[in-house]
Amino acid sequence: RPLVRQCLAGALEAAWPAARVAATGWDQLDRGFHGREADVCLASLDGSASGPDEASLARLRAAFPGAALVVLSDDDRYPAVAKAAGLGARGYFSTSADLRVLVQGIRLVLVGGTAMPVAVAAAAPAVPPLAREPNPAAMSRFSAELFTPKEIEVLRSLASGRPNKLIAHELSICETTVKVHLRHIFRKLGTTNR
(Lines give C-alpha, C1' and ligand atoms only; values in the text may rest on other atoms or scores of the structure.)
Protein backbone atom coordinates (compact mmCIF):
# COMPACT_ATOMS: atom_id res chain seq x y z
CA ARG A 1 0.00 0.00 0.00
CA PRO A 2 1.99 3.00 -1.24
CA LEU A 3 0.09 5.60 0.80
CA VAL A 4 0.50 3.71 4.09
CA ARG A 5 4.17 3.05 3.28
CA GLN A 6 4.85 6.72 2.49
CA CYS A 7 2.99 7.94 5.59
CA LEU A 8 4.88 5.52 7.83
CA ALA A 9 8.22 6.55 6.30
CA GLY A 10 7.36 10.23 6.79
CA ALA A 11 6.28 9.66 10.40
CA LEU A 12 9.48 7.74 11.17
CA GLU A 13 11.63 10.48 9.63
CA ALA A 14 9.80 13.15 11.64
CA ALA A 15 10.03 11.20 14.92
CA TRP A 16 13.66 10.17 14.36
CA PRO A 17 15.44 12.80 12.24
CA ALA A 18 18.82 11.02 12.36
CA ALA A 19 17.39 7.88 10.72
CA ARG A 20 17.69 7.31 6.98
CA VAL A 21 14.42 5.80 5.79
CA ALA A 22 13.73 4.17 2.42
CA ALA A 23 10.22 2.91 1.64
CA THR A 24 9.67 0.14 -0.86
CA GLY A 25 6.96 -2.36 -1.73
CA TRP A 26 6.75 -5.89 -3.08
CA ASP A 27 6.63 -4.55 -6.65
CA GLN A 28 10.00 -2.81 -6.23
CA LEU A 29 11.50 -5.86 -4.53
CA ASP A 30 10.36 -7.99 -7.46
CA ARG A 31 12.13 -5.60 -9.84
CA GLY A 32 15.43 -6.09 -8.05
CA PHE A 33 15.51 -3.53 -5.23
CA HIS A 34 17.85 -4.78 -2.50
CA GLY A 35 18.60 -3.03 0.76
CA ARG A 36 22.11 -4.37 1.21
CA GLU A 37 23.08 -1.46 3.47
CA ALA A 38 19.91 -1.50 5.57
CA ASP A 39 20.29 -2.06 9.29
CA VAL A 40 16.59 -2.72 9.89
CA CYS A 41 13.77 -3.87 7.62
CA LEU A 42 10.40 -2.73 8.99
CA ALA A 43 7.81 -4.84 7.20
CA SER A 44 4.12 -4.01 7.36
CA LEU A 45 2.41 -7.39 7.03
CA ASP A 46 -1.32 -8.08 7.12
CA GLY A 47 -2.44 -10.47 9.81
CA SER A 48 -3.92 -13.83 8.87
CA ALA A 49 -5.36 -16.74 10.79
CA SER A 50 -1.96 -18.45 10.86
CA GLY A 51 0.21 -15.40 11.60
CA PRO A 52 2.97 -13.96 9.39
CA ASP A 53 3.59 -15.66 6.07
CA GLU A 54 6.88 -17.61 6.07
CA ALA A 55 7.40 -16.98 2.35
CA SER A 56 7.06 -13.20 2.83
CA LEU A 57 9.60 -13.18 5.64
CA ALA A 58 11.98 -15.29 3.54
CA ARG A 59 11.66 -12.79 0.64
CA LEU A 60 12.44 -9.92 3.00
CA ARG A 61 15.48 -11.71 4.45
CA ALA A 62 16.75 -12.29 0.89
CA ALA A 63 16.20 -8.63 -0.10
CA PHE A 64 17.71 -7.28 3.13
CA PRO A 65 20.35 -9.88 4.04
CA GLY A 66 22.16 -7.94 6.77
CA ALA A 67 19.13 -6.23 8.26
CA ALA A 68 17.28 -7.09 11.45
CA LEU A 69 13.65 -7.84 10.62
CA VAL A 70 10.89 -5.94 12.46
CA VAL A 71 7.25 -6.78 11.73
CA LEU A 72 4.38 -4.31 11.90
CA SER A 73 1.01 -6.08 11.75
CA ASP A 74 -2.69 -5.78 12.53
CA ASP A 75 -2.45 -9.20 14.19
CA ASP A 76 -1.45 -8.68 17.80
CA ARG A 77 -2.21 -12.21 18.99
CA TYR A 78 0.57 -14.04 20.81
CA PRO A 79 0.74 -16.98 18.32
CA ALA A 80 1.44 -14.57 15.44
CA VAL A 81 4.18 -12.83 17.42
CA ALA A 82 5.73 -16.16 18.43
CA LYS A 83 5.63 -17.38 14.82
CA ALA A 84 7.38 -14.23 13.58
CA ALA A 85 10.04 -14.59 16.28
CA GLY A 86 10.52 -18.23 15.31
CA LEU A 87 11.04 -17.13 11.71
CA GLY A 88 13.77 -14.69 12.70
CA ALA A 89 11.96 -11.41 13.42
CA ARG A 90 13.76 -9.33 16.06
CA GLY A 91 10.82 -6.98 16.58
CA TYR A 92 7.04 -7.18 16.32
CA PHE A 93 4.62 -4.30 16.75
CA SER A 94 0.88 -3.98 16.47
CA THR A 95 -0.41 -1.25 14.17
CA SER A 96 -2.17 0.08 17.26
CA ALA A 97 1.22 0.86 18.86
CA ASP A 98 2.24 4.44 19.46
CA LEU A 99 4.88 5.79 17.03
CA ARG A 100 7.16 6.60 19.98
CA VAL A 101 7.06 2.94 21.09
CA LEU A 102 7.85 1.79 17.55
CA VAL A 103 10.86 4.12 17.28
CA GLN A 104 12.21 3.05 20.68
CA GLY A 105 11.73 -0.59 19.71
CA ILE A 106 13.64 -0.14 16.45
CA ARG A 107 16.44 1.57 18.39
CA LEU A 108 16.56 -1.41 20.75
CA VAL A 109 16.78 -3.81 17.79
CA LEU A 110 19.62 -1.71 16.33
CA VAL A 111 21.73 -2.26 19.45
CA GLY A 112 21.16 -6.01 19.35
CA GLY A 113 18.01 -6.36 21.42
CA THR A 114 14.61 -7.81 20.73
CA ALA A 115 11.47 -5.66 20.85
CA MET A 116 8.14 -7.46 20.97
CA PRO A 117 5.91 -5.53 23.37
CA VAL A 118 2.80 -7.28 22.04
CA ALA A 119 4.21 -10.66 23.12
CA VAL A 120 5.24 -9.35 26.52
CA ALA A 121 1.77 -8.01 27.24
CA ALA A 122 0.02 -11.16 26.01
CA ALA A 123 2.30 -13.69 27.65
CA ALA A 124 3.06 -11.89 30.91
CA PRO A 125 2.66 -14.30 33.81
CA ALA A 126 0.37 -13.38 36.68
CA VAL A 127 3.35 -12.96 39.01
CA PRO A 128 4.21 -9.77 40.87
CA PRO A 129 7.02 -7.88 39.05
CA LEU A 130 9.51 -8.26 41.92
CA ALA A 131 9.14 -12.06 41.91
CA ARG A 132 10.16 -12.43 38.25
CA GLU A 133 13.68 -13.53 37.48
CA PRO A 134 15.60 -11.90 34.63
CA ASN A 135 15.58 -13.77 31.34
CA PRO A 136 19.22 -14.54 30.43
CA ALA A 137 18.22 -15.51 26.87
CA ALA A 138 16.76 -12.07 26.23
CA MET A 139 19.83 -10.39 27.70
CA SER A 140 22.21 -12.46 25.56
CA ARG A 141 21.20 -10.48 22.45
CA PHE A 142 23.05 -7.43 23.80
CA SER A 143 26.64 -7.01 22.73
CA ALA A 144 29.15 -7.38 25.55
CA GLU A 145 30.79 -4.16 24.39
CA LEU A 146 27.57 -2.15 24.65
CA PHE A 147 27.18 -2.30 28.43
CA THR A 148 29.60 -2.56 31.35
CA PRO A 149 29.17 -5.63 33.59
CA LYS A 150 27.56 -3.49 36.30
CA GLU A 151 25.19 -1.90 33.76
CA ILE A 152 24.11 -5.39 32.70
CA GLU A 153 23.36 -6.27 36.35
CA VAL A 154 21.35 -3.06 36.73
CA LEU A 155 19.56 -3.69 33.41
CA ARG A 156 18.57 -7.20 34.50
CA SER A 157 17.13 -5.87 37.75
CA LEU A 158 15.40 -3.07 35.88
CA ALA A 159 13.86 -5.55 33.43
CA SER A 160 12.51 -7.47 36.44
CA GLY A 161 10.62 -4.36 37.54
CA ARG A 162 12.68 -3.60 40.61
CA PRO A 163 12.79 -0.01 41.90
CA ASN A 164 16.12 1.85 42.22
CA LYS A 165 16.29 1.37 45.99
CA LEU A 166 15.95 -2.43 45.70
CA ILE A 167 18.44 -2.58 42.82
CA ALA A 168 20.93 -0.65 44.96
CA HIS A 169 20.39 -2.97 47.92
CA GLU A 170 20.72 -6.17 45.87
CA LEU A 171 23.87 -4.98 44.07
CA SER A 172 25.40 -3.41 47.22
CA ILE A 173 25.77 0.02 45.63
CA CYS A 174 24.33 3.47 46.38
CA GLU A 175 21.00 4.46 44.91
CA THR A 176 22.76 7.43 43.30
CA THR A 177 25.09 5.00 41.53
CA VAL A 178 22.07 3.07 40.24
CA LYS A 179 20.71 6.33 38.78
CA VAL A 180 24.03 6.99 37.03
CA HIS A 181 24.01 3.47 35.53
CA LEU A 182 20.40 3.95 34.42
CA ARG A 183 21.26 7.24 32.67
CA HIS A 184 24.04 5.44 30.77
CA ILE A 185 21.73 2.52 29.89
CA PHE A 186 18.96 4.84 28.68
CA ARG A 187 21.43 6.80 26.55
CA LYS A 188 22.80 3.62 24.97
CA LEU A 189 19.28 2.35 24.23
CA GLY A 190 18.10 5.71 22.95
CA THR A 191 15.31 5.98 25.51
CA THR A 192 14.54 8.47 28.25
CA ASN A 193 12.88 6.42 30.97
CA ARG A 194 12.11 2.96 32.30
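Here the structure is shown first, and the text comes after it.
This write-up is about the structure you can find in this document. Bear in mind the structure is a predicted one, so any value in this text is a computation, not a measurement.

1. Section: the overall build of the protein chain
Now for step 1: Looking only at helices and strands, the protein chain has ten helices and three strands in total.
Now for step 2: Burial statistics for the protein chain: of 194 residues in total, 36% are counted as buried.
Now for step 3: In the structure as shown, the protein chain presents an accessible area of about 11,100 Å², 56% of it carried by carbon and sulfur atoms.

2. Observations concerning the environment of E153
Now for step 1: Here E153 is to be found in helix α8 (residues 149-159).
Now for step 2: According to the relative accessible area criterion, E153 is partly exposed, its value standing at 33%.
Now for step 3: A C-alpha to C-alpha distance of 9.8 Å links E153 and H181, two positions 28 residues apart in sequence.

3. Details of the side chain of E151
Now for step 1: Along the polypeptide, E151 turns up in helix α8.
Now for step 2: Setting aside chain neighbours within four positions, we find E151 in contact with L146, H181, H184, I185 and K188.

4. Description of helix α5 (residues 99-110)
Now for step 1: Here α5 spans 17 Å end to end across twelve residues, near enough to the 16 Å set by a 1.5 Å rise per residue.
Now for step 2: Here α5 has its buried residues at L102, V103, G105, I106, L108 and V109.
Now for step 3: Check the buried side of α5 and you find it contacts α1 (2-15), β1 (40-45), β2 (68-73), β3 (91-94) and α10 (175-189).
Now for step 4: Where α5 begins, the side chain of D98 points an oxygen toward the backbone nitrogen of R100, at a separation of 3.1 Å.
Now for step 5: Downstream of α5 by one or two residues, G112 has phi in the positive range, about 105°.

5. Concerning the sheet that holds β2
Now for step 1: Across the sheet, three strands lie side by side as β1-β2-β3; this open sheet has parallel pairing. Of all strands in the sheet, those bounded by a partner on one side alone are β1 and β3. This sheet shows a mean twist of 20° between the axes of neighbouring strands, independent of strand direction.
Now for step 2: Inspection of the sheet shows β1 paired to β2 by six bridges, in the parallel sense. By the bridge assignment for β2, L42 is matched with V70.
Now for step 3: In this fold helix α3 (residues 54-63) packs onto β1 and β2, with an angle of close to 155° to the strand it touches most, β1.

6. Description of the packing of α8 against helix α9 (residues 164-171)
Now for step 1: For the pair α8 and α9, the least separation of the axes is 10 Å and the interaxial angle reads 130°. Classified by the angle between their axes, α8 and α9 sit oblique to one another. For the pair α8 and α9, the sense of crossing is right-handed. Here K150, E153, V154, S157 and L158 of α8 lie close against α9, whose contacting residues are I167, E170 and L171.
Now for step 2: For the contact of α8 with α9, the class distribution of residues is four nonpolar, one polar and three charged.

7. Brief notes about unusual backbone geometry
Leaving glycine aside, a negative phi is the common case for residues, and trans is the common case for peptide bonds.
Now for step 1: The backbone phi angle of S172 is positive, close to 55°, even though this residue is not glycine.
Now for step 2: Here S172 is to be found in the loop between α9 and α10.

8. Looking at the pattern of salt bridges
Now for step 1: All chains considered together, the criterion is met by four salt bridges.
Now for step 2: Of the charged contacts, one joins D75 and R77 as a salt bridge, the two residues approaching to 2.7 Å between their closest N and O atoms.
Now for step 3: Here D75 falls in the buried class, since its relative accessible area comes to 7%.
Now for step 4: Note on R77: relative accessible area 39%, which makes it partly exposed.
Now for step 5: Measuring nitrogen to oxygen at the nearest pair gives 3.0 Å for the salt bridge that ties R162 to E170.

Conventions used here
Residues numbered from 1 in each chain as written. Predicted model: local features only at pLDDT ≥ 70, side-chain atom pairs only at ≥ 80, totals over all residues. Heavy atoms only, no water. Helix = DSSP H or I, 4+ residues; strand = E, 2+ residues; numbered from the N terminus. Buried < 20%, exposed > 50% of the residue type's maximum accessible area, 1.4 Å probe, protein only. Areas by Shrake-Rupley, 256 points an atom, 1.4 Å probe, with all protein chains shown as cover. Contact = heavy atoms within 4.5 Å. Expected span 1.5 Å × (residues − 1). Polar contact = N/O pair within 3.5 Å; in protein donor to acceptor, adjacent residues only side chain to side chain. Pairing = 2+ DSSP bridges. Axes fitted to C-alpha atoms, helices over the stretch in contact; angles between N-to-C directions. Parallel < 35°, antiparallel > 145°, perpendicular 65-115°, else oblique. Left-handed = near helix turned anticlockwise from the far one by under 90°. Nonpolar A, V, L, I, M, F, W, Y, C, P; charged D, E, K, R; others polar. Salt bridge = Lys/Arg side-chain N within 4 Å of Asp/Glu carboxyl O.

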